[in-house]
Amino acid sequence: MNWDETGPDTAADPRLVDSSADGEDQAVEAALRPKDLEEFVGQEKVREQLDLVLRAARARGATADHVLLSGAPGLGKTTLSMIIAAEMGAPIRITSGPAIQHAGDLAAILSSLQEGEVLFLDEIHRMSRPAEEMLYMAMEDFRVDVIVGKGPGATAIPLELPPFTLVGATTRAGLLPPPLRDRFGFTGHMEFYEPSELERVIHRSARLLDVEIGADGAAEIAGRSRGTPRIANRLLRRVRDYAQVKTDGGIIDKDVANAALKVYEVDPRGLDRLDRAVLGALLKLFGGGPVGLSTLAVAVGEERETVEEVAEPFLVREGLLARTPRGRVATPAAWAHLGLVPPQQGSGKAGQPGLFGT
Ligand SMILES: Nc1ncnc2c1ncn2[C@@H]1O[C@H](COP(=O)(O)OP(=O)(O)OP(=O)(O)O)[C@@H](O)[C@H]1O
Ligand SMILES: [Mg+2]
């Protein structure tokens, strides 16, 4: 594998990267990545479609079309990009939008690609405008104009590129300018995973980590993993730690998983501290909303993006929070989940936390 100097992860906003992941965790995460489409759990649609795209390209002896992968963090975009390269038997170069601030940075990468190489551009929506425009031409015509010199004396030297496959990943497909989006031959949208799929992920990871886990233990972890394999793997590792210390490495069953996840403050519905903080602020400080995203973020001491991209998609999907044109609003289920009493219907008064609420 062929890493860009920036490495795989440096460009990601550190706040969007799992803050509890230490070096060991990251190494384990890499070790747990499925290596081919066969091993990749779930995402049936994307997998089937991608399989056709890759098989057809292989049969033609051609380079695969450019692929855009969109979806929430931890659903497997980076993993799929590596699988694409592996399935095509091609090397992969990994970089990210924020690492490419100047068109020159991109030109340097593009001009050093080998024929058939996969260029993985993570967080493609965060690339600079000039680089984006250079990318249009590179994707369509496999050509870039390298600007030599400055000011009136500057000249554009056209440079032919070998055919390559761009794999772009984004958590925010809506932020991509349409001309860029349209240049991808295939767009795969990654969905959250079903609990049964996460159970398969957990059993697979447990095998790789040499951890003994029962079906009920895996189900317990899967149910709290927010539809996200990265979280499932992380919770599995924490439950493993607990089992190692408290049960002398015994099998992970429902009770062990339960007790461990209590220690790590992951509640039965899978809400973690951040989720509960966001919901708690929305209910207790703003009477259930509507409240603007920025205000909510300040109230929990987090960046807007963290609240919007890490906590909210899950809360919305769980039916605990709604995004409305006037701001974020808590649903009745949110009040119930935190054990609070919603404001009286129709009284027009702001909601009061229940006297005995937590
Ligand atoms: N379909 C899957 N089957 C098994 N494991 C998976 C699957 N998808 C993801 N994983 C696991 O989840 C972890 C996170 O996946 P990955 O890094 O590919 O997510 P991502 O979508 O790139 O996230 P981000 O947006 O944060 O970069 C990986 O370590 C991988 O082991
Ligand atoms: Mg990734």
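Residues numbered from 1 in each chain as written. Chains lettered and ligands numbered in written order. Predicted model: local features only at pLDDT ≥ 70, side-chain atom pairs only at ≥ 80, totals over all residues. Heavy atoms only, no water.

## What to know about helix α2 (residues 44-60)
Under the convention used in this document: Note on conventions: DSSP H or I runs of at least 4 residues are helices, E runs of at least 2 residues are strands, and numbering of each starts at the N terminus. Multiplying 1.5 Å by the helix residue count minus one yields the expected span of that helix. Each residue's exposure class comes from its accessible area (1.4 Å probe, protein chains only) as a fraction of the maximum for that residue type: buried when under 20%, exposed when over 50%, partly exposed otherwise. As used here, the arc is the angular range of directions from the helix axis to the C-beta atoms. Two residues qualify as a contact provided that any one of their heavy atoms is within 4.5 Å of a heavy atom in the partner residue.
For α2, built from 17 residues, the straight-helix expectation of 24 Å at 1.5 Å per residue is met to within 8% by its first-to-last C-alpha distance of 24 Å. Within the sequence span of α2, burial applies to V46, L50, L54 and A57. One side of α2 carries all its buried residues, which in axial view fall inside an arc of 60 degrees. In α2, the exposed positions angled more than 90 degrees off the buried face are occupied by K45, E48, L52, A59 and R60. Where α2 is buried, its residues touch β2 (67-70), α3 (77-88) and β8 (186-189). Note on α2: the residue one or two positions beyond its end, G61, has a positive phi of about 65 degrees.

## Examining the site of ligand 1
Worth spelling out the cut-off: Whether a residue is near a molecule or strand depends on its heavy atoms: it is near if one of them lies within 4 Å of it. Nitrogen and oxygen atoms within 3.5 Å of one another constitute a polar contact, given that in protein one can donate a hydrogen and the other can accept it, and given that sequence-neighbouring residues count only through two side-chain atoms. Throughout, the Shrake-Rupley method with a 1.4 Å probe supplies accessible areas, and for residues the shown protein chains are the sole cover considered. The residue classification treats Ala, Val, Leu, Ile, Met, Phe, Trp, Tyr, Cys and Pro as nonpolar and Asp, Glu, Lys and Arg as charged. All others, Gly included, are polar.
As a structural note, the neighbourhood of ligand 1 is formed by 19 residues, with E29, V41, K77, T78 and T79 the closest of them. At 3.3 Å from an oxygen atom of ligand 1 is found a main-chain nitrogen or oxygen belonging to L75. Contact between ligand 1 and G76: an oxygen atom at 3.0 Å from a main-chain N or O atom of the residue. Here ligand 1 has 630 Å² of accessible area as a free molecule, and 94% of this is covered by the chains. Within the residue set of the shell around ligand 1, elements represented by two or more residues are α1 (23-32), α3 and α9 (229-246). Considered class by class, the residues forming the shell around ligand 1 number nine nonpolar, six polar and four charged.

## Remarks on the UniProt feature "binding site: Mg(2+)" (unreviewed entry) in the chain
Formally: UniProt positions are given in the numbering used here, feature names are shortened, and annotations may be inferred rather than shown by experiment.
Here the UniProt-annotated "binding site: Mg(2+)" (unreviewed entry) positions come out as T78. As for its position among the elements, T78 is in helix α3. Excluding residues that lie within four positions of it along the chain, T78 makes contacts with R33, F120 and D122.

## Examining the packing of aromatic side chains
Rule in force here: Only rings of Phe, Tyr and Trp enter the pairing, Trp through its six-membered ring, and a pair is recorded when the two centres are within 6.5 Å. The plane angle decides the type: under 30 degrees is stacked, over 60 is edge-to-face, the rest tilted.
All chains considered together, the criterion is met by one aromatic pair. Taken together, a centroid distance of 5.3 Å and an interplanar angle of 90 degrees make the contact between F142 and F164 edge-to-face. On the criterion of sequence distance, the pair formed by F142 in the loop between α5 (129-141) and β5 (143-148) and F164 in the loop between β6 (155-160) and β7 (165-170) is long-range, its members being 22 residues apart. Accessibility expressed as a relative area gives 23% for F142, which makes it partly exposed.

## Observations regarding the packing of helix α8 (residues 215-223) against helix α10 (residues 254-263)
As a reminder, the rule being used: Only the stretch in contact is used when fitting a helix axis, every axis being a line fitted to C-alpha atoms; angles between N-to-C directions are given from 0 to 180 degrees. Any angle that is under 35 degrees is reported as roughly parallel, and any over 145 degrees as roughly antiparallel; angles of 65 to 115 degrees are reported as roughly perpendicular and all others as oblique.
Contact geometry of α8 with α10 gives a least axis separation of 7 Å together with a crossing angle of 30 degrees. Considering the angle they form, α8 stands roughly parallel to α10. Contact residues: α8 offers D216, G217, E220 and I221, while α10 offers K254, A257, N258 and L261. When its residues are assigned to classes, the contact of α8 with α10 shows three nonpolar, two polar and three charged.

## Let's talk about the environment of S205
Here S205 lies in helix α7 (residues 195-209). Taking the relative accessible area as the measure of exposure, S205 reaches 1% and is therefore buried. For the pair S205 and L32, spaced 173 residues apart in the sequence, the C-alpha separation amounts to 6.2 Å. Leaving out residues up to four positions away in the same chain, S205 has contacts with L32, N233 and L236.

## Focus: the pattern of salt bridges
The following threshold applies: Only one rule defines a salt bridge in this text: a Lys or Arg side-chain nitrogen within 4 Å of an Asp or Glu carboxyl oxygen.
Taken as a whole, this structure holds 21 salt bridges when the rule is applied. Across the salt bridge formed by K254 and E220, the nearest N and O atoms sit 3.1 Å from each other. Linking K254 in helix α10 with E220 in helix α8, this pair joins segments that are 34 residues apart in sequence. Owing to a relative accessible area of 13%, E220 belongs among the buried residues under this scheme. Measuring nitrogen to oxygen at the nearest pair gives 3.0 Å for the salt bridge that ties D272 to R226. Of this pair, D272 sits in the loop between α10 and α11 (273-284) while R226 sits in the loop between α8 and α9, and the two are 46 residues apart along the sequence. For the pair formed by D272 and R226, the shared burial category is buried. The network of salt bridges with common partners includes E220, R224 and K254.

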